[in-house]
Amino acid sequence: MSEDVLIRQQGGAGRITLTRPSALHALNTPMCAAILAAVRAWADDPAIHYLWIDHQEGTRGFCAGGDIRMLAESGAGDASEARGFFRTEYRMNAALEAFPKPVLSLIDGVTMGGGVGLSVHGSHRVATERTVFAMPETGIGLFPDVGGGWFLPRLAGELGTWLALTGARLKGADVAAARVATHFLPSELIPALTRQLDSADFSAGAAELLGEILRRLTHTVPAGSFEVHRKTIDQCFSFDTAEEILAALEADGGDWARTEAATLRAKSPETVKVALRQLRLGRQATSFEDNMRMEFRIGWRKVQSRDFLEGVRAVIIDKDNAPVWSPARLEDVSEADIAVYFAPLGPDELTFGA
């Protein structure tokens, strides 16, 4: 058990509440291990009809991601702690994705990186006007993991590619419009939702009743503000090389495309190429576990990469926001450089047993 997450049975719900407000509920290894153990135990528990994941009432953010500073400090050494974290977190992601009962996540606030992996693989995902979704990893030389290779390419068109490569943020109802969330609820109605969940009897059919409660309370989702750019997104981000994507954006001629091209140029060139290959391979993956094995191979190596350590220095430690990437240009990152991250790990491969 971890002091940073509260795990308990409440009526017919297995409740998981993040309680690490000082770090915007960022995940660490003990938190992931505790959640993994609970999810495995509840999968076959007849008293548990659904999972309910949220964060401590009255605190900011749902989950800002993983403990990036720890990953970098470990990566600067032998990386054993970082790799252990990934192994536990990815098993947790897989257990949530495979959970045989409904999973309700209230993503009320900042939801990035590891927080996305904790919520997006479940069946019922509720955003509020305070939700801020992003997979910003290319800006620190990491990659959009926690199942990003699985769920991002399965969003409509090339939304997932755009979100992964640029780190673009979605806010409020846009999170549901993109189908990252399944429902949108004004945060002032969360207490009403909580009361209805507490008083309901889910034993006769949790999925149906949960759906009915959410239909009564949630609001119609308007078209996403990104829709005005969808044609550009779907055309420019459809290519299989980062150079082609960048060239398409620069050739578009519009102000929005020009801004996205500049954003892409500012990210870690190596990581942009890693993330693009991850999404293309993830789109082809036939199982979530296969995707997570691929991501584990990337993570195993990425935490020791020069760009990740430099990105953390620039964004989190020194906060000068001026990382010096190596190589500095997309054109200078070879296919061989990228292939290294996807090579099999032999006896170190990720497994999903107890």
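Our subject in this report is the structure included herewith. (Residues numbered from 1 in each chain as written. Predicted model: local features only at pLDDT ≥ 70, side-chain atom pairs only at ≥ 80, totals over all residues. Heavy atoms only, no water.)

## With respect to the overall build of the protein
Formally: The secondary structure listing takes helices from DSSP runs of H or I that are at least 4 residues long and strands from runs of E that are at least 2 residues long, numbered from the N terminus. What the globule rule says is 2.2 Å times the number of residues to the power 0.38, and the radius of gyration is computed from C-alpha atoms. Accessible area is worked out with a 1.4 Å probe on protein chains only. A residue is then buried under 20% of its type maximum, exposed over 50%, and partly exposed in between. We call two residues contacting when some pair of their heavy atoms lies within 4.5 Å. Two residue types count as positive, namely Lys and Arg, and two as negative, namely Asp and Glu; His and chain ends fall outside the count. Think of each charge as sitting on NZ of Lys, CZ of Arg, CG of Asp or CD of Glu.
The helix and strand inventory of the protein stands at 16 helices and 9 strands. Taken against the 2.2 N^0.38 rule, which gives 20 Å for 354 residues, the C-alpha radius of gyration of the protein at 20 Å falls within 12% of a compact globule. Its C-alpha atoms put the protein at 60 × 45 × 40 Å along the principal axes. By residue count, 59% of the 354 residues in the protein fall in the buried class. Look at the contacts in the protein between residues 6 or more apart in sequence, and 74% of them connect residues 24 or more apart. Taking the average place of the 36 positive charges on the side chains of the protein and the average place of its 46 negative ones, the gap between the two points comes to 1 Å.

## Re the sheet that holds strand S9 (residues 183–184)
Spelled out, the test is: When DSSP finds at least two bridges between two strands, those strands are taken to pair. Orientation is described by axes fitted as lines to C-alpha atoms, over the contacting stretch for helices, and by angles from 0 to 180 degrees between their N-to-C directions.
The strand order across the open sheet formed by 6 strands is S1-S2-S3-S4-S6-S9, and the pairing between neighbours is mixed. Strands at the two margins of the open sheet, each flanked by one partner only, are strand S1 (5–10) and S9. Where strand S2 (residues 13–18) and strand S3 (residues 50–55) come together, 6 bridges link them in parallel fashion. For Arg-15, the partnering residue across the bridge sits in S3 and is Trp-52. On top of the sheet, helix H1 (residues 29–43) reaches S1, S2 and S3; it is set at about 15 degrees to S1, its chief contact. Across the face of the sheet, helix H9 (residues 206–217) comes into contact with S3, strand S4 (103–107), strand S6 (124–127) and S9 while running at roughly 15 degrees to S6.

## Considerations on the environment of Gln-196
Counting through the fold element by element, Gln-196 comes out in helix H8 (residues 190–199). Distance in space between the C-alpha atoms of Gln-196 and Leu-214 is 9.7 Å, their sequence separation being 18 residues. Apart from the residues within four sequence positions on either side, Gln-196 is in contact with Ile-213, Arg-216 and Leu-217.

## Focus on the packing of helix H2 (residues 68–75) against helix H3 (residues 80–97)
For clarity, the cut-off: Throughout, the term roughly parallel applies to angles under 35 degrees, roughly antiparallel to angles over 145, roughly perpendicular to angles from 65 to 115, and oblique to all others. Three categories are distinguished: nonpolar for Ala, Val, Leu, Ile, Met, Phe, Trp, Tyr, Cys and Pro, charged for Asp, Glu, Lys and Arg, and polar for the others, with Gly belonging to the last.
Axis separation between H2 and H3 bottoms out at 6 Å; the angle between their running directions is 135 degrees. Relative to H3, the element H2 is oriented oblique. Residue-level inspection shows Met-70, Leu-71 and Ser-74 of H2 in contact with H3, the latter providing Ser-80, Glu-81, Ala-82, Phe-85 and Phe-86. The residue makeup of the contact of H2 with H3, split by class, is 5 nonpolar, 2 polar and 1 charged.

## A short note on the packing of helix H11 (residues 242–252) against helix H13 (residues 269–284)
The description of two helices packed together rests on the angle between their axes and the distance between the axes. Their axes nearest at 10 Å, the elements H11 and H13 cross at an angle of 105 degrees. The angle between H11 and H13 places the two elements in the roughly perpendicular class. Together, Ala-242, Glu-243 and Ile-245 of H11 and Val-272, Lys-273 and Leu-276 of H13 make up the contact between the two elements.

## Some thoughts on the sheet that holds strand S8 (residues 170–171)
Taken in spatial order, the 3 strands make up an open sheet running S5-S7-S8, and their pairing is mixed. Edge strands, defined here as strands with exactly one partner in the open sheet, are strand S5 (110–112) and S8.

## A few points about helix H12 (residues 255–266)
For the record, the criterion: Multiply 1.5 Å by the residue count of a helix minus one, and that product is the helix's expected span. Our arc is simply the arc of the directions from the helix axis toward the C-beta atoms.
Compared with an ideal rise of 1.5 Å per residue, which puts 12 residues at 16 Å, H12 spans 17 Å between its outermost C-alpha atoms and is within 8% of the ideal. Within H12, the full set of buried residues consists of Ala-257, Glu-260, Ala-261 and Leu-264. Projected down its long axis, H12 carries its buried residues within an arc of 105 degrees, all on one side. Looking at the packing, one finds that the buried side of H12 touches helix H6 (159–166), helix H10 (230–236), H11 and H13.

## Observations concerning the nonpolar core
Keep this limit in mind: Here the nonpolar core consists of buried residues drawn from Ala, Val, Leu, Ile, Met, Phe, Trp, Tyr and Cys, with membership extended through side-chain atoms lying within 4.5 Å.
If you look at the biggest cluster of nonpolar residues, it comprises 98 residues, and the most contacted ones within it are Ile-35, Leu-71, Leu-118, Phe-133, Trp-162, Leu-170 and Phe-308. In terms of residue count, H1 provides more of this core than any other element does, 9 residues in total. Leaving out residues up to four positions away in the same chain, Leu-71 has contacts with Ala-82, Phe-85, Phe-86, Leu-142, Val-303 and Phe-308. Residues Leu-104, Leu-193, Leu-210 and Ile-213 belong to the second largest nonpolar core, which totals 17 residues.

## Comments concerning the side chain of Ser-105
Structurally, Ser-105 is set in strand S4. Ignoring any residue separated from it by four or fewer positions in sequence, one finds Ser-105 in contact with Ile-53, Leu-118, Ser-119, His-124, Arg-125 and Val-126.

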